[in-house]
Amino acid sequence: MANRAAQRAMTRQLLLDAAMDRFVASGYAATTIDEIASAAGTTRVTFYAYFPSKSDVIKALIAERLEDELVQLRAPRDSSLGGLADAVAAGTSEQLGAWIRQAMVRWPEVRPIVTIARAAQAVDPDLTRIVDAWTDETIEDVSTGLDKADRFDADSRRLRGALAVGQLDYLFQRWADGFWGVEHDRMCELVTESWVMLLGDPA
């Protein structure tokens, strides 16, 4: 029985790995269930024994591979810097910049799944809530930090968070080292400057 459970777990893992690889290579819409099954060394029938549809594969990838990474991005357990809300509450260039640099280090692990999930969202609108949840939670972290510091008018705090997070999300999706003629360190400096203006302590 234990061997059978282990085999099922391994097959499921192979299907998730194959789906991830095919989605990155061909895009969500263009990838077929047969391609995923073939890449995993199995069949369409086996695929359906684990996942009712392609969108269920995306949901599994988000739940099992993305959510913990995104939580870590917002509030890393292995860092002395604290989370995003703490950096925003501090409001200094040093704290905000340290959080941004830390996020940029983690982002390459997160980006492929986020990119796939956003592409899937266009085909499967049911994924909208799942895909948007991280953005909403990150905006809430910013708002919480501003609330802690009692900085700026209360009715502007969520909007400031939306502007800051939207800016970072746009860069995360499109930027690579040297893109737009800006290298990594300079990009972090410029984002930090922008965040200090939007969120920082004006004193």
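Along each chain, residues carry numbers from 1 onward, in the same order as the chain's sequence is written. Reporting in this predicted model follows two pLDDT cut-offs: at least 70 for local features of residues, and 80 or more for side-chain atom pairs to be given and counted; totals over whole chains, interfaces and linings ignore these cut-offs and use all residues. Note that water and hydrogens are dropped before the side-chain values are worked out from all heavy atoms of the structure.

Trainee: How should I be thinking about the environment of Leu 14 in this particular structure?
Mentor: To qualify as a helix, a DSSP run of H or I must reach at least 4 residues; to qualify as a strand, a run of E must reach at least 2; elements of each kind are numbered from the N terminus. Relative to the helices and strands, Leu 14 resides in helix H1 (residues 2–26). Remark: the alpha-carbon pair of Leu 14 and Ala 40, spanning 26 residues in sequence, is separated by 5.4 Å.

Trainee: Help me understand the confidence of the model for the chain in this model?
Mentor: One rule of thumb: low pLDDT means the predicted coordinates there are not for detailed reading. Across the chain, each position has a pLDDT score giving the predictor's confidence in that residue, from 0 to 100. On average, the chain scores 85 in pLDDT, and the residues at 70 or more come to 89%. Model confidence for the chain, summarised as mean pLDDT per element, is weakest for helix H4 (residues 54–74) at 77 and strongest for helix H2 (residues 33–39) at 95.

Trainee: Honestly, the nonpolar core in this entry has me stumped. Any pointers?
Mentor: What tends to happen in soluble globular proteins is that the nonpolar side chains get buried as a cluster. With 53 residues, the main nonpolar core has Phe 23, Ile 58 and Trp 195 as its most contacted residues. Residues contacting Phe 23, with those up to four places away along its chain left out, are Tyr 28, Thr 31, Ile 36, Lys 54, Val 57, Ile 58, Leu 61 and Ile 116. Here the nonpolar core consists of buried residues drawn from Ala, Val, Leu, Ile, Met, Phe, Trp, Tyr and Cys, with membership extended through side-chain atoms lying within 4.5 Å. For every residue, the accessible area (1.4 Å probe, protein chains only) is compared with the maximum for its type, and the residue is labelled buried under 20%, exposed over 50%, or partly exposed between those bounds. We call two residues in contact when some of their heavy atoms are within 4.5 Å.

Trainee: Got a minute to help me understand the packing of helix H8 (residues 157–174) against helix H9 (residues 184–199) in this structure?
Mentor: Pairs of packed helices are described in terms of their axes, by the angle between the two and the distance that separates them. Fitted lines through C-alpha atoms give the axes, limited to the stretch in contact for helices. The angle between two N-to-C directions lies from 0 to 180 degrees. Relative to each other, H8 and H9 sit at 170°, their axes nearing to 10 Å. As judged from the angle between their axes, H8 and H9 are roughly antiparallel. On H9, the residues that touch Arg 160, Gly 161, Leu 163, Ala 164, Val 165, Gln 167, Leu 168 and Leu 171 of H8 are Met 187, Val 191, Ser 194, Trp 195, Met 197, Leu 198 and Leu 199. Gly is put with the polar residues, along with every residue not named as nonpolar or charged; the nonpolar set is Ala, Val, Leu, Ile, Met, Phe, Trp, Tyr, Cys and Pro, and the charged set is Asp, Glu, Lys and Arg. Looking at the contact of H8 with H9 residue by residue, the classes come out as eleven nonpolar, three polar and one charged. Under this scheme an angle from 65 to 115 degrees is roughly perpendicular, one under 35 degrees roughly parallel, and one over 145 degrees roughly antiparallel; angles in between are oblique.

Trainee: Mind showing me how you'd approach the packing of aromatic side chains here?
Mentor: Centre-to-centre distance and the angle between the planes together describe a pair of aromatic rings. Pairs were defined over the aromatic rings of Phe, Tyr and Trp, the Trp ring being its six-membered one, requiring ring centres within 6.5 Å. Orientation was assigned from the angle between planes: stacked under 30 degrees, edge-to-face over 60, tilted for the rest. Tallied over the full model, the rule gives four aromatic pairs. With a centroid separation of 5.8 Å and an interplanar angle of 45°, the aromatic rings of Phe 47 and Phe 51 are classed as tilted. Per residue, the accessibility class of Phe 47 equals that of Phe 51, and both read buried. Geometrically, the ring pair formed by Trp 99 and Trp 195 is stacked, given 5.8 Å between the ring centres and 20° between the ring planes. Taken together, the residues span a long stretch of sequence, with Trp 99 in helix H6 (residues 93–123) and Trp 195 in helix H9 at a distance of 96 residues. Under the relative-accessibility criterion, Trp 99 is labelled buried at 2%. Put simply, the rings of Phe 47, Tyr 48 and Phe 51 touch in pairs and so form one group of aromatic residues. Taking the ring centre of Tyr 28 as reference, the NZ or CZ of Lys 54 above it sits at 4.4 Å. Only lysine NZ and arginine CZ atoms are considered, and such an atom sits over a ring when it is within 6 Å of the ring centre and within 35 degrees of the ring normal. The ring of Phe 152 carries Arg 160 above its face, with NZ or CZ at 3.7 Å from the centroid.

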